[in-house]
Structures are given as C-alpha cells and as structure tokens.
Amino acid sequence: MRVGRYIAITVGASALLVSGVAPAAAGTLPTSGTAAGAASQAGHDQKQVPLRKVAPKGFAIGVAVAGGGHHLDQEYPDPFKYDEEYRGVLAKHFNSVTPENHLKWDFVHPERNKYRFGPADAIVRFAQQNGQKVRGHTLLWHSQNPDWLTKGKFSRKELRNILKEHITKVVGRYRGKIDQWDVANEIFDDNGKLRTKENIWLKTFGPSIIADAFRWAHQADPKAKLFFNDYGAEGINKRSDAYLKLMKKLRKQGVPVHGFGVQGHLSLNYPFPSDMAKNLKRFSDAGFEVAVTEVDVRIPLNGGDASEGHLKKQADYYRRALEACLSVKRCNSFTLWGPTDKYSWVPVFFPDEGEATIFNDDFSPKPAYFALQETLAKARRR
Ligand code: XIL
C-alpha cells in the first residue's frame, strides 16, 4: 500500500510558490479516502508544514531532481518536465536541489564534442526561481561514463585534457550558481582501497589525478565548495578512514578540498550506522564541511507492501540520520535522493526492496516525513 494513509493538512505553502510551479501544487496535499482513525492511531494527524520552513536558518534541506539514468527506461514521462505536482513538492519542501543524473558524464557530455546542458540549466533556473541552492553531481566517477570515453583510444595526454576541459566547462558554466560540487564520487572501495580498476581516471593516472580535478574545479569556480562523496561511509570504517586521511593530505599540499559527503543510502536490512554522528564530527572537527547527500531508506518488501512497523522503523532511520547531521557543527546540508516512491531508483536497483522515500506515490506523507519535520523544527528552536 502506497497511498494516503496519513492525513495531511498543509499550511503556509503558497507563499513559497513562484513562477514555474503550478498552482495546483500549492494547496493541500491529497488526503485520499483514508479513515482519520488510522492516522490518529499512528499519531500523525498533525499539520504538514513545508520542511524548508521548519529547518534551522542556513540549513539546506535538499532533494534530488529526477531525470536521466534509470528514469529513461520507465514508462512515465520526464517527471521534472511533466509532473506538476512533483515540481510543486520540490519547490515547497526543499531549499536545495541536486540533479540526479543530468550532470553525470554520460548525460551532460554524450559525445566527445557535444555537451547537453539544457536539462541541468532548467533545474538551475528552477532553483533560482524558488530560492534554492544547487549541489553539482559529479565530475570524476567510475560509473555512468559515455562509451566514447571508456572505449575510446586516447593517449594519456589527451585523456588528461579531456578531463580538464570537461571540468572547466561544466563547473565554469554554473559558476556562482552551484554551491557544492561532488568532484570525486566513490573513489574508495569497502577496504579503503582506491578503485584503480573500475575508475578510468585512477586507472590511467593514479591518485594524482584527484588533486588535478579539485584544482581545475576550483579554477573554474573559486567560490564553490568542493567535495568527496561516497556510500557506506556514514559510520567509522575503512572507507571513511581513507577519506579523512586523503583529505588531510591533500589540504596540506594546498589542494582546494572543502568537504565530505556521505550519501546515506540506508536499508532496514542493516542496522542503522550508530556512529554516524561521531564519524561526521571527526571530519567537521578537522575543519571540513560535511553534507549528507543522497538519503533514502530501503524497506525489504519481497513483492509485498511495507507494514506499519517497517514505516515506523524507516522514520526512525531518517530521524537518526538527520539528527546526526544536525548535531555536527559543519554539517549544513541534508539531501534526500528523491522525494517520492513514485520515481525512486530503489526498486530498479534493489528488486526486493522499495518504498524508500518520505512521500508515497500519491505524495501523501509517510511517518518518515513527519520524523524529518519534527527533527528540523526541534533543531530550529534550539
Ligand atoms: C543513481 C540514480 O538515482 C539513477 O537514476 C541512475 O540510474 C543510477 O544512479 N550513488 C550516487 C548516485 O552517487 O549518483 C546514484 O544515483 C545512486 C548511488
């Protein structure tokens, strides 16, 4: 069951909606025909206040914007272009956006001499219209690279120039408009070893290319904050250890490295990483910015629907992840990897899991939504 279990009363939403967002999205979210009793039993017959309105001042509560990647193989039309209700939710609840795929190499640079900036431009425009920040994702990664790049025959010199040109062009285009860039994504494996086999850049050049990438990005936009980003790095482990060590080393060498992003793709199949706050704090204490960049919490479904118990546990994971970030001085940004189950990547990539986001398919809020709302409001009052 994915729809309307919880009564939603929306207040104060319309003030946030400006051009580009359909008025239909401004009103009350669907309450559907559910019994009010079910909602109050679960304790969620409370007001639904936009997350960005209850967030502490200066705190970025973000969301990925659908498009490209797995979306291209789905039956629905491009959500960002055609789903007005979806656009309304993006504008209403979030003050930061991340293009989910539009700035990855295969999407933005499909041929050697061809860039496709239109869709990312549209997201940046939307963000400006709605007073939102933008996170850029990503410039150096082992995945979602175009064939012309991975299968092409290039000399080392050519390949280095290709990366330099790409970074200069993409970061330069959004100079002053993108606040944080995930320059390098997923460069370490579970053992804290560099991915020198899968990552074309690390394979060809070794670790020195990482410093180059950060320097080129910094030249293209000196004000943007430059990040490393990875999954499975929420807690203290070999992977997060490797990042902390590398980041300190690079900074000593004068490389412009500013922050660490933990993705936060969590699953109820695993315990919550209870040392998350401690891990984020050690990066913050070392003077780095911290961001939680791609949160979702997968529920094991095995073909069925999530139970009340699942949804409660999921809300708890969301709450704890947000609390971990809010408890850390330099953690100022918390981004969900999509607002709604309707377009989530999870069922496509994890076939036995799903319902990983905070809104049902019909945009009615799940317990996880209220967990975030309460946690933000509490932090704001502190
Ligand atoms: C995912 C997207 O959500 C999908 O649309 C796409 O098909 C594959 O990539 N870590 C990341 C993100 O850094 O870029 C990934 O996004 C999810 C895992």
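Scroll up for the structure.
Just so you know, these numbers come straight off a predicted model, no measurement behind them.

The rules behind the values
Residues numbered from 1 in each chain as written. Predicted model: local features only at pLDDT ≥ 70, side-chain atom pairs only at ≥ 80, totals over all residues. Heavy atoms only, no water. Phe/Tyr/Trp six-rings, centres within 6.5 Å; stacked < 30°, edge-to-face > 60°. Lys NZ or Arg CZ within 6 Å of the ring centre and 35° of its normal. Near = heavy atom within 4 Å. Polar contact = N/O pair within 3.5 Å; in protein donor to acceptor, adjacent residues only side chain to side chain. Areas by Shrake-Rupley, 256 points an atom, 1.4 Å probe, with all protein chains shown as cover. Nonpolar A, V, L, I, M, F, W, Y, C, P; charged D, E, K, R; others polar. Helix = DSSP H or I, 4+ residues; strand = E, 2+ residues; numbered from the N terminus. Expected span 1.5 Å × (residues − 1). Buried < 20%, exposed > 50% of the residue type's maximum accessible area, 1.4 Å probe, protein only. Contact = heavy atoms within 4.5 Å. Patch = residues over 30% accessible without salt bridge, like charges linked within 9 Å, V, L, I, M, F, W, Y side chains within 5 Å. Salt bridge = Lys/Arg side-chain N within 4 Å of Asp/Glu carboxyl O. Lys, Arg positive; Asp, Glu negative; His and termini not counted. Charge placed at Lys NZ, Arg CZ, Asp CG, Glu CD.

Asks: So what about the packing of aromatic side chains? Which residues, and what values?
Replies: Counting across every chain of the model gives 18 aromatic pairs. Taking NZ or CZ as reference, Arg 87 lies 4.8 Å from the ring centre of Phe 80, over its face. Its guanidinium or amino end placed over the ring of Phe 227, Arg 135 lies 5.1 Å from that ring's centre, counting from NZ or CZ.

Asks: With reference to specific residues and values, describe the site of the ligand.
Replies: Around the ligand sit 16 residues, and of these His 70, Glu 100, Lys 104, His 137 and Glu 294 come closest. Side-chain polar atom of Glu 100 to an oxygen atom of the ligand: 2.4 Å apart, as the coordinates give it. Between an oxygen atom of the ligand and a side-chain N or O atom of Gln 263, the distance comes to 3.2 Å. Coverage of the ligand by the protein chains reaches 93% of its 410 Å² of free accessible surface. By residue class, the composition of the shell around the ligand is four nonpolar, eight polar and four charged.

Asks: Before we move on, could you go through helix α13 (residues 308-326) and cite the residues and values that matter?
Replies: Along its 19 residues, α13 runs 27 Å from first to last C-alpha, staying within 8% of the 27 Å computed at 1.5 Å per residue. Along α13, the residues that are buried comprise Leu 311, Gln 314, Ala 315, Tyr 317, Tyr 318, Ala 321, Leu 322, Ala 324, Cys 325 and Leu 326. Looking at the buried residues of α13, the elements they touch are β9 (265-267), α12 (276-285), β10 (289-300), β11 (331-336) and α15 (367-381).

Asks: Explain a positive patch on the surface residue by residue, including any values.
Replies: Together, Lys 193, Lys 238, Lys 245 and Lys 249 give the surface a local cluster of positive charge. Mapped onto the elements of the fold, Lys 238 is located in helix α11 (residues 238-252).

Asks: Please give an account of the pattern of salt bridges that cites residues and values.
Replies: Any two side chains of opposite charge can pair, given that their charged atoms come close. This structure, assessed with the given rule, holds 15 salt bridges. Linked by salt bridges that have partners in common, Asp 190, Asp 230 and Arg 239 make up one network.

Don't take any of this as a statement about function, it's just geometry.
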